[in-house]
Amino acid sequence: IVTAGPTNEYIDPVRFITNKSSGKQGYEIAKSLSKKGFDTTLISGPTNLEINDSINLIKVETAEEMFQATLQSLPVDVAIFSAAVGDYKVKETSQLKIKKQGRLNIELEKNVDILNYISNHNSLRPKLVIGFAAETNNLENYANKKLNEKNCDWIVANDVSNKKIGFESDFNEVSIFYKDNKTDKLKYKPKSEISDELVEKIINHLN
Ligand code: CTP
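Residues numbered from 1 in each chain as written. Predicted model: local features only at pLDDT ≥ 70, side-chain atom pairs only at ≥ 80, totals over all residues. Heavy atoms only, no water.

Draft legend 1. Spotlight on the overall build of the protein. Across its full length, the protein holds 5 helices and 12 strands. In summary, the protein has a C-alpha radius of gyration of 17 Å against a globular reference of 17 Å for 207 residues, a match within 12%. Summarising its shape, the C-alpha atoms of the protein cover approximately 60 × 35 × 35 Å along the three principal directions. Among the 207 residues that make up the protein, the fraction classed as buried is 44%. A separation threshold of at least 6 residues defines the contact pool for the protein, and within that pool the share at least 24 residues apart is 57%. (Helix = DSSP H or I, 4+ residues; strand = E, 2+ residues; numbered from the N terminus. Rg over C-alpha atoms; globule rule 2.2 N^0.38 Å. Buried < 20%, exposed > 50% of the residue type's maximum accessible area, 1.4 Å probe, protein only. Contact = heavy atoms within 4.5 Å.)

Draft legend 2. Broad picture of the site of the ligand. Close contacts around the ligand come from 14 residues, with Phe81, Ala83, Asp87, Lys146 and Lys150 the closest. Isoleucine 114 is positioned such that a nitrogen or oxygen atom in its backbone is 3.0 Å from a nitrogen atom of the ligand. At a separation of 2.7 Å, an oxygen atom of the ligand approaches a polar side-chain atom of lysine 146. Contact with the protein chains hides 77% of the accessible area of the ligand, taken as 580 Å² for the molecule alone. When residues of the shell around the ligand are traced back to their parent elements, those giving at least two are helix H3 (114–119) and strand E9 (128–135). No other element matches E9, which puts 4 residues into the shell around the ligand. Residues of the shell around the ligand, tallied by class, amount to 9 nonpolar, 1 polar and 4 charged. (Near = heavy atom within 4 Å. Polar contact = N/O pair within 3.5 Å; in protein donor to acceptor, adjacent residues only side chain to side chain. Areas by Shrake-Rupley, 256 points an atom, 1.4 Å probe, with all protein chains shown as cover. Nonpolar A, V, L, I, M, F, W, Y, C, P; charged D, E, K, R; others polar.)

Draft legend 3. The arrangement of the environment of glutamate 135 in detail. Within the secondary structure layout, glutamate 135 lies in strand E9. On the basis of relative accessibility, which here comes to 9%, the residue glutamate 135 falls in the buried class. Spatially, the C-alpha atoms of glutamate 135 and asparagine 162 are 9.9 Å apart, while their sequence positions differ by 27 residues.

Draft legend 4. Region of the structure containing the sheet that holds strand E1 (residues 2–4). One open sheet accounts for 8 strands, arranged E5-E4-E1-E6-E9-E10-E11-E12; its pairing is mixed. At either margin of the open sheet sits one strand with a lone partner, and together these are strand E5 (56–59) and strand E12 (183–190). Strand-to-strand twist of the sheet, defined as the mean angle between neighbouring strand axes without regard to direction, takes the value 20°. Here strand E11 (residues 171–178) pairs with E12 via 6 bridges, running antiparallel. (Pairing = 2+ DSSP bridges. Axes fitted to C-alpha atoms, helices over the stretch in contact; angles between N-to-C directions.)

Draft legend 5. Summary view of the side chain of threonine 7. With respect to the secondary-structure elements, threonine 7 resides in the loop between E1 and strand E2 (9–12). Overall, the relative accessible area of 1% leaves threonine 7 in the buried class. A polar contact of 2.9 Å, which involves the side chain of threonine 7, links it to the backbone nitrogen of glycine 86. In this view, threonine 7 contacts Ile17, Thr18, Asn19, Pro46, Glu61, Thr62, Ala63, Met66, Ala84, Val85 and Gly86; residues no more than four positions away in its chain are not counted.

Draft legend 6. Here's a closer look at the nonpolar core. Grouped together as the largest cluster of nonpolar side chains are 24 residues, with contacts concentrated most on Leu42, Ile80, Trp154 and Ile202. Listed by contribution, the elements that provide at least two residues to this core are E1, helix H1 (24–35), strand E6 (78–81), E9, strand E10 (154–159), E11 and helix H5 (191–206). Excluding anything up to four places from it in sequence, leucine 42 contacts Val2, Ala4, Gly26, Tyr27, Ala30, Ile51, Ile55, Asn56, Leu57 and Ile58. Counting residues in each nonpolar core, the second largest holds 21 residues, with Ala69, Leu115, Ile118 and Ala143 among its members. (Core = buried A, V, L, I, M, F, W, Y, C linked by side-chain atoms within 4.5 Å.)

Draft legend 7. Just the pattern of salt bridges, in detail. Following the criterion strictly, the structure yields 17 salt bridges and no others. A salt bridge links aspartate 153 to lysine 179; the nearest nitrogen and oxygen atoms lie 3.2 Å apart. With aspartate 153 in the loop between helix H4 (139–149) and E10 and lysine 179 in the loop between E11 and E12, this pair connects stretches of sequence that are 26 residues apart. Among the charged side chains, a network of salt bridges with common partners joins Lys24, Glu168 and Asp170. (Salt bridge = Lys/Arg side-chain N within 4 Å of Asp/Glu carboxyl O.)

Here is the structure:
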């Protein structure tokens, strides 16, 4: 399974909180896996992207829906969590459109961390769990922190403050941090090539 894209967290029926993820890197990873013969499920938040029929696409909107879809897709050998899941959801989503008023306070509460839940679950955990880290600063420290706290085998980290890569771009540059303290760098190249290289590493690892 691959999770990809942003999530929408609803304030009322017409408004939501989201983020800038395009889903491109996750979709490319699903394509690379499928090309190499993996039976691939892509669990995607809202994006403008399309994918061919050889990939089982599950479209979701909220983090909760992404969580449920992920649970229902288990067990799997490899799980790649590239989605930019909203960290918070609105505590009480209004069923009716909220009318303009002097001041509006919206209370947020934490969403479930899908990666953390699955990766730290004894019986659900896939053999290989790969998380992503989007950082604007202290990339190495934060990536290693996520690697450990979320019990990942690998973390793929990118610097989202670099305008040449990330989000809407078709290009990326990532560092891979492994559990055994080794690291790799995949230099600036199309997201499709980053994905092919990542999948080669996955195949080598499984072999
Ligand atoms: N993730 C997830 N569920 C969440 C939040 C994050 O599965 N509710 C996963 C992402 O798909 C990614 C990894 O956790 O693989 C790291 O996500 P990121 O947003 O970089 O980190 P956070 O844990 O949200 O921490 P912070 O926003 O503080 O950097």
